[in-house]
Amino acid sequence: MPEGFRFHDFRHYFASLLIAQGLDVKVVQKSLRHSSAKTTLDTYGRMWPDKEESARAAVAKVLGERLNSRSEQRA
């Protein structure tokens, strides 16, 4: 182990692996036995990828499908 390495560093590494694999905050919370998701997010929130663009794309897709459906019903 590198100098200065602490056993607790394994915990942070484990959390980062879970997050990198796309697991949600509740799964990480339970795996780390945090009392709340807030604790997990306060500690590791910066590690989750930004999903704003994915959210916008999902909303645009649903709205587009609904508009297409209405257009087809009118035709």
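Fair warning: this is a prediction, and the values are worked out from it, not measured in the lab.

A. Looking closely at the nonpolar core. Among the nonpolar cores identified, the biggest contains six residues, and these are Ala-15, Leu-18, Ile-19, Val-28, Leu-32 and Tyr-44. Elements supplying a minimum of two residues to this core: helix H1 (8-20) and helix H2 (25-32). Excluding residues that lie within four positions of it along the chain, Leu-32 makes contacts with Arg-11, Phe-14, Ala-15 and Tyr-44.

B. Focus on the packing of aromatic side chains. Under the counting rule described, the total for this entry stands at two aromatic pairs. Here the aromatic rings of Phe-5 and Phe-10 are separated by 5.0 Å at their centres, their planes lie at 75 degrees, and the arrangement is edge-to-face. The class for Phe-5 is partly exposed, based on a relative accessible area of 31%. We classify Phe-10 as partly exposed; its relative accessible area is 40%. Taken together, a centroid distance of 5.7 Å and an interplanar angle of 70 degrees make the contact between Phe-7 and Phe-10 edge-to-face. Chaining the aromatic ring pairs together yields one cluster made of Phe-5, Phe-7 and Phe-10.

Calculation notes
- Residues numbered from 1 in each chain as written.
- Predicted model: local features only at pLDDT ≥ 70, side-chain atom pairs only at ≥ 80, totals over all residues.
- Heavy atoms only, no water.
- Core = buried A, V, L, I, M, F, W, Y, C linked by side-chain atoms within 4.5 Å.
- Buried < 20%, exposed > 50% of the residue type's maximum accessible area, 1.4 Å probe, protein only.
- Helix = DSSP H or I, 4+ residues; strand = E, 2+ residues; numbered from the N terminus.
- Contact = heavy atoms within 4.5 Å.
- Phe/Tyr/Trp six-rings, centres within 6.5 Å; stacked < 30°, edge-to-face > 60°.

Read these as layout, nothing more, since geometry by itself doesn't imply function.
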